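One letter stands for each residue in the lines below.
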Amino acid sequence: MNYLVFDWGGTFLKYAVMNEDTEILEKGSLSTPEALDSKEAFYQLLDPIAEQYRHEVSGIAISMPGMLDDRTGYCRTGGMLTFLAGSTVTKDLKERYGLPVSAENDGKAAVLAEHWKGALKGCHDCAVIVIGTGIGGGIILNDRLVIGKDFSAGEYSYLCTNDTKTDMPDGFWCSGGHHALGTKLAALTGENAAEIDGIELFRRVRNHDEAATQVLREFAAKHAVQIYNLSVLLNLEKIAVGGGISADPLLVDYLKKALWDMVEKLPFREGFDVPPMADVVACAFGNDANLIGALYHHRYGTWEN
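Conventions adopted
- As a convention, each chain's residues are numbered from 1 in the sequence order in which they are written.
- Reporting of local features is limited, given that this is a predicted model, to residues whose pLDDT is at least 70; pairs of side-chain atoms are given and counted only at 80 or more, and all residues count toward the totals for whole chains, interfaces and linings.
- Working from all heavy atoms in the structure, the side-chain values ignore hydrogens and water.
- Secondary structure elements follow DSSP: runs of H or I of four or more residues count as helices, runs of E of two or more count as strands, with numbering from the N terminus.
- Summary of the burial criterion: residues with accessible area below 20% of their type's maximum are buried, those above 50% are exposed, and those between are partly exposed, where the area comes from a 1.4 Å probe applied to protein chains only.
- By definition, residues are in contact when any of their heavy atoms lie within 4.5 Å.
- A 1.4 Å probe and the Shrake-Rupley method give the accessible areas. Residues count as covered only by the protein chains that appear here.
- Only four residue types enter the charge count: Lys and Arg as positive, Asp and Glu as negative, with His and the chain ends excluded.
- By convention, the point assigned to a charge is CZ for Arg, NZ for Lys, CD for Glu and CG for Asp.
- Between any two strands, pairing holds if DSSP finds at least two bridges.
- Axis angles are defined between N-to-C directions and span 0 to 180 degrees, where every axis is a line fitted to C-alpha atoms and, for a helix, only to the segment in contact.
- Oblique is the label for any angle not covered by the other classes, which are roughly parallel (under 35 degrees), roughly antiparallel (over 145) and roughly perpendicular (65 to 115).
- Should the near helix be turned counterclockwise from the far one by less than a right angle, the crossing is left-handed, whereas a clockwise turn marks it as right-handed.
- Polarity classes work like this: nonpolar for Ala, Val, Leu, Ile, Met, Phe, Trp, Tyr, Cys and Pro, charged for Asp, Glu, Lys and Arg, and polar for all others, with Gly in that last group.
- Here the nonpolar core consists of buried residues drawn from Ala, Val, Leu, Ile, Met, Phe, Trp, Tyr and Cys, with membership extended through side-chain atoms lying within 4.5 Å.

> Looking at this model, I keep getting lost on the overall build of the chain. Mind explaining?
Counting its secondary structure elements, the chain contains eight helices and 10 strands. Taken along the three principal axes of its C-alpha coordinates, the chain extends 60 × 45 × 35 Å. The 305 residues of the chain split such that 50% are buried. Within the chain, counting contacts between residues at least 6 apart in sequence, those at least 24 apart form 65% of the total. Split by element, the accessible area of the chain, about 14,400 Å² in all, is 51% carbon and sulfur. For the chain, the centre of its 27 positive side-chain charges and the centre of its 42 negative side-chain charges are spaced 2 Å apart.

> I keep staring at the sheet that holds strand β10 (residues 279-282) and nothing clicks. Help me out?
Across a sheet, paired strands are connected by hydrogen bonds in the backbone, their directions being either parallel or antiparallel. Within the open sheet, the five strands sit side by side as β8-β7-β6-β9-β10. Their pairing is mixed. The open sheet has two free edges, formed respectively by β8 (144-145) and β10, since each of these has just one partner strand. Taken together, the four bridges between strand β9 (residues 238-242) and β10 define a ladder with parallel strand orientation. From the neighbouring strand, V241 faces β10, where its bridge partner is A282. The strands touched by helix α3 (residues 106-117) are β6 (126-131), β7 (135-141) and β8; relative to β7, the strand with the most contacts, the crossing angle is about 50°.

> Would you mind going over the packing of helix α5 (residues 198-206) against helix α6 (residues 210-234) with me for this structure?
Relative orientation of the contacting elements α5 and α6 amounts to 115°, with a least axis distance of 8 Å. The orientation of α5 relative to α6 falls into the category roughly perpendicular. For α5 against α6, the interelement crossing comes out left-handed. On the side of α5, the interface is formed by L201, F202, R204 and V205, while α6 contributes A212, T213, V215 and L216. Partitioning the contact of α5 with α6 into residue classes produces six nonpolar, one polar and one charged.

> Please clarify how the nonpolar core should be interpreted in this entry.
A general feature of soluble globular proteins is that nonpolar side chains tend to end up buried together. Ranked by size, the top nonpolar core spans 40 residues in total, and within it I129, I131, L201, I239, L251 and L259 carry the most contacts. Counting residues per element, the ones that place at least two in this core are β6, β7, α4 (179-189), α5, α6, β9 and α7 (249-264). Sorting elements by how many residues they give to this core places α6 first, with 10 residues. Filtering out sequence-adjacent residues up to four positions away, L251 remains in contact with I131, F202, L216, F219, V241, I245 and S246. One finds L46, L84, L93 and L99 within the second-largest nonpolar core, a separate group that totals 28 residues.

> Could you clarify how one ought to interpret unusual backbone geometry in this entry?
The phi angle of most residues is negative, glycine excepted, and most peptide bonds adopt the trans form. Phi is positive for T22, close to 70°, though the residue is something other than glycine. Relative to the assigned elements, T22 resides in the loop between β2 (12-19) and β3 (24-31). Within the chain, N142 stands out as a residue other than glycine whose phi angle is a positive 50°. Along the chain, the position of N142 falls in the loop between β7 and β8.

> Could you clarify how one ought to interpret the side chain of S246 in this entry?
Relative to the assigned elements, S246 resides in the loop between β9 and α7. Those residues in contact with S246 that lie beyond four places of it in its chain are V241, L251 and A282.

> Explain the sheet that holds strand β1 (residues 2-8) here, please?
Overall, mixed pairing links the five strands, which are arranged β3-β2-β1-β4-β5 in an open sheet. Of all the strands in the sheet, the pair left with one neighbour each is β3 and β5 (101-105). Taken pair by pair, the neighbouring strands of this sheet meet at an average axis angle of 15°, ignoring direction. Pairing geometry for β2 and β3, over seven bridges, is antiparallel. Bridge pairing in β3 places L13 opposite L30. Strand contacts of helix α2 (residues 89-97): β1, β4 (60-64) and β5, with the helix running at about 150° to β5, the strand carrying the most contacts.

Set out below in structure tokens:
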């Protein structure tokens, strides 16, 4: 059987036709329009894609932002897609396209994918951190996905990072999305932030550019604090880092160094045992993790349709 799988994000709407073995047969993407302000306008973006493949697939699987009931598809919030809040997306699209439809939160989809066949395979206690427009994530404990009573477990963007300044954006982890790299480098150099992506920043770091290296070091230090916190709270085996910028091994290298620099400086380290830190690795599936996790949820999850 083949499936049409969507990954809805704040920057791109990705889609793929996939078979049961997670092989991607076809794929594509659209930019997420900034001016979208209604559910119907959003669904109209999906219509040509669904119509193209609806007779070739046996169902539609979705990865999306927000707090949602993965059994019913009800969106308590829609994340960056705010207009989906209060909707039961799976019901809407089943009626629209005449196919079974399932939906899973994007961070939870990523951890399902990596635990199923990726960098977290064989781990019993693990997590994924997805560095995208915001910070997504998912947690698995005792081989079970952690959901939470309001479906908000793993919503890392809401974690407070500064106890004296909690006003947006600097007081919450969501400010650590990949756009922060270009924005902060541009503030140092006077360049246009829109022209500095992750590829360019990593290129400059490799060329020993001081400003780019400083920005990446500070970015890694901010994320290392939360990696440390997750390790202490949950005693995880591994934390896999995903999102487009995770494709460059420099990111994980800097994260590991920042984590251990922090551990070495702990004021109570001498004379006390520091809790073991999780191993930090890159997601095996990169930008495809959400697609693969959505397919896993569609095939093995307990969702209603």
